[in-house]
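# Descriptive structure summary
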Amino acid sequence: MNDTFLSGKIRSPIFKYILAALFVIGVFISFLLKGSMVLYIVATIPLIALFILALFQNPKIGIYSSMLLSFIIPTFTKFVYDLPYGIGVEAILLLTYIVLFFKHFKEINFTPAKNIIILLLLVWMSYIILQLANPEAKSMLAWVFAMRGIALFQLLLLPLAFVLLTTKKDIIQFIVFYFSLTLIALLWATKQHQIGLTQAETQYLYNSGAAKTHILFGKLRVFSLYFDAGTFGAAAGQLCIISALLYLGPFRKLYKYTFLAIALFAFYGMMISGTRGALAIPAVGIVIYVLLIKNIRYIVIGLTILALGLIFLKFTTIGQSNYDIRRLRSALDPEDASLNVRLENREKLTVYLQGKPFGGGIGTVGFVGREFSPNTWLSTFEPDGLYTRIRAETGIVGYCLYLFIWLVILYKGFRVCWDLKNPTYKSIATAFLASYAGVLVANYGNEVMTQYPINFTTFTTLAFIFTIKKWDDKELEPHLSSSAGSLANSPS
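A short tour of the structure in this document, coming up. Note that the structure is a prediction, hence the values are computed from the model and not measured. (Residues numbered from 1 in each chain as written. Predicted model: local features only at pLDDT ≥ 70, side-chain atom pairs only at ≥ 80, totals over all residues. Heavy atoms only, no water.)

### Here's the deal with the layout of surface pockets
- Computed from the structure, the second largest pocket encloses a volume of approximately 500 Å³.
- Lining the second largest pocket we find 18 residues, and of these Ile172, Ile175, Phe251, Tyr255 and Phe259 sit closest to its centre.
- For the lining of the second largest pocket, the secondary-structure elements that each account for two or more residues are α8 (168–194), α12 (253–273) and α19 (423–442).
- With eight residues, α8 is the single largest residue contributor to the lining of the second largest pocket.
- Residue composition of the lining of the second largest pocket, grouped by class: 14 nonpolar, three polar and one charged. (1 Å grid on protein atoms, 1.4 Å probe; cavity = no way out; pocket = protein on both sides within 12 Å on 5 of 7 lines; lining within 4 Å. Points joined across faces, edges and corners; volume = space filled by probe spheres on them. Helix = DSSP H or I, 4+ residues; strand = E, 2+ residues; numbered from the N terminus. Nonpolar A, V, L, I, M, F, W, Y, C, P; charged D, E, K, R; others polar.)

This is the structure:
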């Protein structure tokens, strides 16, 4: 077998997916062995060696394998060991950088990563590093654990996505991979809802205390393969709006009907999750679509769907006997008890932060806070939303900076989608931007953008929006040159 043949096999997409699966399965098996060091080495070393070999041949494997691992992490956490498996994702991404710099430095164009998005993320990371000097912070180890989700991960992933995922083939492979993994989760969610939980899942809910938030009035809030129902509902909502908007795109009928079926299935998943905040993702996505689309027919359809949905939930009692509909409807009730509790907690936080413009320090809220900073007020504070957590840990300064960064990126993405000429590119980019905008709003009630795997899909689709802009510009250049030539040759 010659080197060319081997290289071709290693570079093939099928090999890439199989290798990523083998690598993650190997790690999973190693954890199941629970301490047998000899078996651990035997099970993992050959796979790791094969993985590194393939990564040197094709660095894109680093993105796909880390994405696959991000989907499996919640299962590891619940049923194997409760460890920071996210370090594994970050380690793969870091290893990919090492491969790029040592093997492909002269071959790969790094200029796509030199953009306003990466600059803004570097500014945010700088602020997070300065938080080490926050006098309110109690633990540097807590900072290490907590800053990864709110700053480090996106700074590792996005440059790689800009540099490595640059072709039309890449976006097709990503969509197939992303949709396939999420559909598996939706199928498992359907099984949980229609048949019931496994014994291990039931034990997890009650042993971890998650039953308090996942079994309400005798009804299960389905969490599928994710950390919790909130993350699953947001992931389902994200897939729902992307698929629905792709259905409206200029694709073949077979693809359009497939997208429609996926959108409906994902909407069902969002419903059975009982996650009211997830409703914001398709709702906001429709608004973004209506603002961007330049087709009166689709504008009318989008506004009609949004209006009918709001009327159904807000002004009717149709389906009130159904628990999933009843819980979703409560998201629009200003008198909802949980909403009022959330607002009261945020008022208490405002009082606590008086005189603390830089917050209480990274890692002082939630699980990390209870682990490393017990006996503090913030360690007992439940933020119930990413933005509230950012305000608690980084203060009003960090809160404003964080919102500014993601809103600027949203604005830049909006400008890109508005200017796109190719209808296929515009459809895909608009679908991705709509889901991103929806996730930004959903962060108000849940920590969506810091949870695996939805953070992975959100940031990768965000990178594709700006990559698509380059494709559109290249296709437009010949037309502009032709027009300029015609103008130059025209008689004065």
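Still to come is the rest of the account.
### Describing the packing of aromatic side chains
- Enumeration over the complete set of coordinates arrives at 24 aromatic pairs.
- Plain terms: the ring middles of Phe251 and Phe259 are 5.8 Å apart, the flat faces sit at 65° to each other, and that makes the pair edge-to-face.
- Among the aromatic residues, those joined into a ring-pair cluster are Trp124, Tyr127, Phe153, Tyr387, Tyr402, Trp406, Tyr436, Tyr452, Phe456 and Phe459.
- Looking at Lys78, its charged tip hangs above the ring of Tyr204, at a distance of 5.8 Å from the centre.
- When the ring centre of Tyr444 is taken as origin, the NZ or CZ atom of Arg346, which lies over that ring, is 4.2 Å away. (Phe/Tyr/Trp six-rings, centres within 6.5 Å; stacked < 30°, edge-to-face > 60°. Lys NZ or Arg CZ within 6 Å of the ring centre and 35° of its normal.)

### Topic: the packing of helix α11 (residues 229–247) against α12
- Contact pair α11 / α12: the axes reach a minimum separation of 7 Å and the direction vectors enclose 155°. As judged from the angle between their axes, α11 and α12 are roughly antiparallel. Where α11 crosses over α12, the handedness of that crossing is left-handed. Taking contact as the criterion, the partners of Ala229, Phe232, Gly233, Ala236, Gly237, Leu239, Cys240, Ser243, Ala244, Leu246 and Tyr247 in α11 are, on α12, Lys256, Phe259, Leu260, Ile262, Ala263, Ala266, Phe267, Gly269, Met270, Ile272 and Ser273.
- Partitioning the contact of α11 with α12 into residue classes produces 16 nonpolar, five polar and one charged. (Axes fitted to C-alpha atoms, helices over the stretch in contact; angles between N-to-C directions. Parallel < 35°, antiparallel > 145°, perpendicular 65-115°, else oblique. Left-handed = near helix turned anticlockwise from the far one by under 90°. Contact = heavy atoms within 4.5 Å.)

### Thoughts on the pattern of salt bridges
- Counted under the stated rule, the structure contains six salt bridges.
- When the shortest N-O distance is used, the salt bridge between Glu447 and Arg389 registers 3.1 Å. With Glu447 in the loop between α19 and α20 (454–489) and Arg389 in helix α18 (residues 386–419), this residue pair connects regions lying 58 residues apart in the sequence.
- Accessibility expressed as a relative area gives 22% for Glu447, which makes it partly exposed.
- Overall, Arg389 belongs to the buried group, its relative accessible area being 10%.
- Note that Asp473 and Lys469 form a salt bridge whose closest N and O atoms lie 2.8 Å from each other. (Salt bridge = Lys/Arg side-chain N within 4 Å of Asp/Glu carboxyl O. Buried < 20%, exposed > 50% of the residue type's maximum accessible area, 1.4 Å probe, protein only.)

### Focus: empty space enclosed by the protein
- Under the definition given, this model contains one cavity of 30 Å³ or more.
- In terms of lining, the largest cavity is formed by Phe71, Tyr178, Thr182, Tyr226, Ala235, Gln238, Pro453, Ile454 and Thr457.
- For the lining of the largest cavity, the secondary structure elements donating two or more residues are α8, α11 and α20.
- Among the residues forming the lining of the largest cavity, the class breakdown is six nonpolar, three polar and no charged.

### Considering the side chain of Lys256
- Summarising the element assignment, Lys256 is placed in helix α12.
- Notably, Lys256 is buried but unbridged: the nearest opposite-charge side chain belongs to Asp472, and the N-O separation is 18 Å.
- One polar contact links the side chain of Lys256 to the main-chain carbonyl oxygen of Gly249, over a distance of 3.1 Å. (Lys, Arg positive; Asp, Glu negative; His and termini not counted. Polar contact = N/O pair within 3.5 Å; in protein donor to acceptor, adjacent residues only side chain to side chain.)

### What about the packing of helix α13 (residues 280–292) against α19?
- It is the contact of α13 with α19, at a shortest axis distance of 7 Å, that shows an interaxial angle of 135°. Relative to α19, α13 is oriented oblique. Where α13 crosses over α19, the handedness of that crossing is right-handed. On the side of α13, the interface is formed by Ala280, Ile281, Val284, Gly285, Ile288, Tyr289 and Leu292, while α19 contributes Lys426, Thr430, Leu433, Ala434, Ser435, Ala437, Gly438, Val439, Val441 and Ala442.
- Partitioning the contact of α13 with α19 into residue classes produces 12 nonpolar, four polar and one charged.

### Examining helix α9 (residues 199–208)
- Listing the buried residues of α9 in full gives Glu201, Tyr204 and Leu205. End-on view of α9: buried residues confined to an arc of 95°, all on one side of the axis. The exposed residues of α9 that point more than 90 degrees off its buried face are Gln199, Tyr206 and Asn207.
- Those residues of α9 hidden inside the fold are in contact with α4 (60–79), α8, α10 (211–214), β1 (215–216) and β2 (219–220).
- Of the residues trailing α9, Gly209 is marked for its positive phi of about 85°. (Arc of directions from axis to C-beta.)

Remember, this is a structural readout, not a statement about activity or role.
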